[in-house]
Amino acid sequence: MKIPAELKPAAWGAVGGAVALAIIGFSWGGWVTRGTAERDAKTRSDAAVVAVLSPICVVRFQQQANATEQLAELKKIGSWQQGDFIAKGGWATMPGSSSPDSDVAKACAVALGLNKT
């Protein structure tokens with residue numbers, strides 16, 4: 001099959017336009033791949049779960065009988081270890097879960113006003 005000579009520039013223009021459209025769409029148009037969209041959705045959902053569960057951790061910490069002593073002990077600990085202290089204390093272990101959530105524990109320490117990270 002012979003392609004007419006007049007069609008070649010149009011075909012190359014269409015190919016070039018498609019490439020330019022893809023580059024512009026992914027660079028500046030906000031297009032993302034499925035993997036990127038799923039990764040972003042997981043990050044946002046994890047952050048939302050931590051935002052919902054950390055106040056529960058704070059309340060559980062504050063409602064314990066020796067909350068004042070525990071808070072004083074927690075303040076003595078470096079900010080990088082406060083999440084571990086809260087996790088080991090069991091305040092970041094949510095009902096129905098068998099282990100503490102480290103992200104919830106860190107957010108709980110921040111919510112208690114202990115560190116600003």
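Presented here is an overview of the structure given in this document.

Quick look at the state of the cysteines
- Applying the stated criterion across every chain yields a total of 1 disulfide.
- Bridging Cys57 to Cys108, the disulfide has an S-S length of 2.4 Å. On the S-S bond that ties Cys57 to Cys108, the torsion sits near -90 degrees, and the link is left-handed. With a gap of 51 residues between them, Cys57 in helix 2 (residues 34-62) and Cys108 in helix 5 (residues 102-111) connect regions that are remote in the sequence.
- What makes Cys57 buried here is its relative accessible area of 0%.
- The exposure class assigned to Cys108 is buried, which follows from its relative accessible area of 0%.

Regarding the packing of aromatic side chains
- According to the stated counting rule, one finds 3 aromatic pairs in the structure shown.
- For the pair Phe61 and Trp91, a centre-to-centre distance of 4.8 Å together with 70 degrees between the ring planes defines the contact as edge-to-face. Residue Phe61 is found in helix 2, and its partner Trp91 is found in the loop between helix 4 (79-89) and helix 5; the two are separated by 30 residues along the sequence.
- A residue is classified by how much of its surface remains accessible, and Phe61, at 1% relative accessible area, is buried.
- Ring centres 6.0 Å apart and planes at 40 degrees place the aromatic pair Phe85 and Trp91 in the tilted group. Of the two residues examined, Phe85 and Trp91, each falls in the buried class.
- Ring pairing ties together the aromatic residues Phe61, Phe85 and Trp91, which thus form one cluster.

Observations concerning the side chain of Thr93
- Topologically, Thr93 is positioned in the loop between helix 4 and helix 5.
- Those residues in contact with Thr93, other than ones at most four positions away along the chain, are Arg60, Ser98, Ser99 and Pro100.

Description of the pattern of salt bridges
- If you walk through the whole model with that rule in mind, you get 2 salt bridges.
- A salt bridge links Glu38 to Arg34, with the shortest nitrogen-to-oxygen separation between them at 2.9 Å. Taken together, the residues span about one helical turn, with Glu38 and Arg34 both in helix 2 at a distance of 4 residues.
- What makes Glu38 partly exposed here is its relative accessible area of 47%.
- In this structure, Asp46 engages Lys42 in a salt bridge whose closest nitrogen and oxygen atoms are separated by 3.0 Å. One end of the pair, Asp46, and the other, Lys42, are both in helix 2, 4 residues apart, so they sit about a helical turn from each other.

Some points on a nonpolar patch on the surface
- Together, Trp12, Val15, Val19 and Ile23 line one region of the surface with nonpolar side chains, adding up to about 450 Å² of accessible area.
- Its location among the elements puts Ile23 in helix 1 (residues 7-27).
- Residue class for Ile23 comes out partly exposed when judged on its relative accessible area of 49%.

Concerning the packing of helix 2 against helix 5
- With their axes 8 Å apart at the nearest point, helix 2 and helix 5 run at an angle of 60 degrees to one another. With respect to helix 5, the element helix 2 is oriented oblique. The handedness of the crossing between helix 2 and helix 5 comes out as right-handed. Along the contact surface, helix 2 presents Val50, Leu53, Ser54, Cys57 and Val58, while helix 5 presents Asp103, Val104, Ala107, Cys108 and Ala111.
- Partitioning the contact of helix 2 with helix 5 into residue classes produces 8 nonpolar, 1 polar and 1 charged.

Definitions and limits used
Residues numbered from 1 in each chain as written. Predicted model: local features only at pLDDT ≥ 70, side-chain atom pairs only at ≥ 80, totals over all residues. Heavy atoms only, no water. Disulfide = S-S within 2.5 Å. Helix = DSSP H or I, 4+ residues; strand = E, 2+ residues; numbered from the N terminus. Buried < 20%, exposed > 50% of the residue type's maximum accessible area, 1.4 Å probe, protein only. Phe/Tyr/Trp six-rings, centres within 6.5 Å; stacked < 30°, edge-to-face > 60°. Contact = heavy atoms within 4.5 Å. Salt bridge = Lys/Arg side-chain N within 4 Å of Asp/Glu carboxyl O. Patch = residues over 30% accessible without salt bridge, like charges linked within 9 Å, V, L, I, M, F, W, Y side chains within 5 Å. Areas by Shrake-Rupley, 256 points an atom, 1.4 Å probe, with all protein chains shown as cover. Axes fitted to C-alpha atoms, helices over the stretch in contact; angles between N-to-C directions. Parallel < 35°, antiparallel > 145°, perpendicular 65-115°, else oblique. Left-handed = near helix turned anticlockwise from the far one by under 90°. Nonpolar A, V, L, I, M, F, W, Y, C, P; charged D, E, K, R; others polar.

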